[in-house]
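# Architecture and fold: a report
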Amino acid sequence: MPTFTVTGEIDPFLHVSLRKGEKIFCESGAMVMMEAALQVKGQLRGGLGRALLRRMATDESLFQQEIEAVGGDGDCLLSPTLPGSIELLDVGPGNAYTLSDGSFVAAESSVEVRARMNTIGGGLFGGTGGFVIMEATGRGKLAVSGFGSIFTLDIAPDRETVIDNNHAVAWSSNLHYEVGMPQTGGGFFGSMVNSVTSGEGLVLRFRGQGKVVICSRNRGLFQPQAH
């Protein structure tokens, strides 16, 4: 199977080693370097319907890159769109992951990254994919990226964990989550006022047992401002 390695401390590369006949897929434009034995081509993974759903879920291209070791063994280097860390996750039976917008980097061909319907709250308030959201199922390695540094939280069933909506990268699909506002003790209207005045936006409330990958930076605050 392909070997995934994160290389570098700051703005790392994803280094993938493939043996002849192996292949991976990655987000369009992620490939930085590959050896001559490898071949890259654009693919509508899952057909046009699923590609359109994926387009609805994220700002990503309809096409994804497929890299295959055709002429022999070879290595490639991939890079996420935004500067930040890369986390490797193991996808397997009962171990699917839900992905936030723009977090997907690459995966083994045995992993399926598909669109599914989001919760009503997530669809209305956005930041986690709108009404359609991405989920990684199957079996194999999955690489995700977050803006800035990355940290993985282990969610315990005996306590609720609250994470800012713009800092969630990926989470175990078996976790129960709700989109809402930070609790202030002042009721719904008080929470809305506090959210505006404090600068805190929406939050995700996670319950159950699983993992949540978070990043240190809010990419929405770093978007170029129009002049």
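Keep in mind that this is a model prediction, so the values were computed, not measured. Along every chain, residues carry numbers that run from 1 in the direction the sequence is written. Per-residue local features of the predicted model are confined to residues with pLDDT of at least 70, and side-chain atom pairs are confined, for both listing and counting, to 80 or more; whole-chain, interface and lining totals are unaffected and use all residues. With hydrogens and water excluded, all non-hydrogen atoms of the structure serve as input to the side-chain values.

## A word on the sheet that holds strand β5 (residues 38-43)
Read across the open sheet, the six strands follow the order β5-β6-β3-β10-β13-β8; overall the sheet is antiparallel. What marks the edges here is a single partner per strand, and that holds for β5 and β8 (86-91). This sheet shows a mean twist of 20° between the axes of neighbouring strands, independent of strand direction. Strands were regarded as paired on the criterion that DSSP finds at least two bridges between them. Put simply, DSSP H or I for four residues or longer makes a helix, DSSP E for two residues or longer makes a strand, and each gets a number counted from the N terminus. Orientation is described by axes fitted as lines to C-alpha atoms, over the contacting stretch for helices, and by angles from 0 to 180 degrees between their N-to-C directions.

## Some remarks on the pairing of strand β1 (residues 3-7)
Across five bridges, β1 lies against strand β2 (residues 13-18) in antiparallel orientation. Among the inter-strand pairings, Thr5 is bridged to a residue of β2, identified as His15.

## Overview of the sheet that holds β2
On the basis of which strands lie adjacent, the open sheet formed by four strands has the order β1-β2-β7-β4 and antiparallel pairing. The sheet is open, and its two borders are formed by β1 and β4 (31-34), each paired with just one other strand. On average, adjacent strands in this sheet sit at an angle of 20° to one another, irrespective of strand direction.

## As for the confidence of the model for the protein
A score between 0 and 100, pLDDT records how confident the predictor is in each residue. Averaged over every residue, the pLDDT of the protein is 80; the share at 70 or more is 72%. Taken together, the stretch residues 120-131 has pLDDT below 50 and engages in 26 contacts with residues farther than four places along the chain or on a different chain. Two residues qualify as a contact provided that any one of their heavy atoms is within 4.5 Å of a heavy atom in the partner residue. Per-residue pLDDT stays below 50 along residues 185-199; that stretch engages in ten contacts with residues further than four places along the chain or on separate chains.

## Some remarks on unusual backbone geometry
Unlike most non-glycine residues, Asp11 shows phi in positive territory, near 45°. Along the chain, the position of Asp11 falls in the loop between β1 and β2.

## Some remarks on a nonpolar patch on the surface
Together, Phe13, Val32 and Met33 make up a nonpolar patch on the protein surface, roughly 230 Å² of accessible area in all. As for its position among the elements, Met33 is in strand β4. The patches described consist of residues with a relative accessible area above 30% and no salt bridge, like charges being joined within 9 Å and nonpolar side chains (Val, Leu, Ile, Met, Phe, Trp, Tyr) within 5 Å. Surface accessibility follows the Shrake-Rupley procedure with a 1.4 Å probe radius. Residue values consider only the protein chains on display as shielding. Should a side-chain nitrogen of Lys or Arg be within 4 Å of a carboxyl oxygen of Asp or Glu, the pair is scored as a salt bridge.

## Overview of the pattern of salt bridges
Close approach of charged atoms allows side chains of opposite charge to pair. Under the definition given, this model contains eight salt bridges. With a closest N to O distance of 3.9 Å, Glu66 and Lys41 form a salt bridge. With Glu66 in strand β6 (residues 64-69) and Lys41 in strand β5, this pair connects stretches of sequence that are 25 residues apart. Think of it in three bands: with a 1.4 Å probe and only protein chains considered, a residue is buried below 20% of the maximum accessible area for its type, exposed above 50%, and partly exposed in between. Taking the relative accessible area as the measure of exposure, Glu66 reaches 8% and is therefore buried. For Arg114, the salt bridge is made with Glu135, and the minimal N-O distance between the two is 3.1 Å. A residue pair is termed long-range when its members are at least 10 positions apart, and Arg114 in strand β11 (residues 111-117) and Glu135 in strand β12 (residues 132-138) qualify at 21 residues. Each of Glu160, Glu178, Arg205 and Arg207 takes part in salt bridges that share partners, so that together they form one network.

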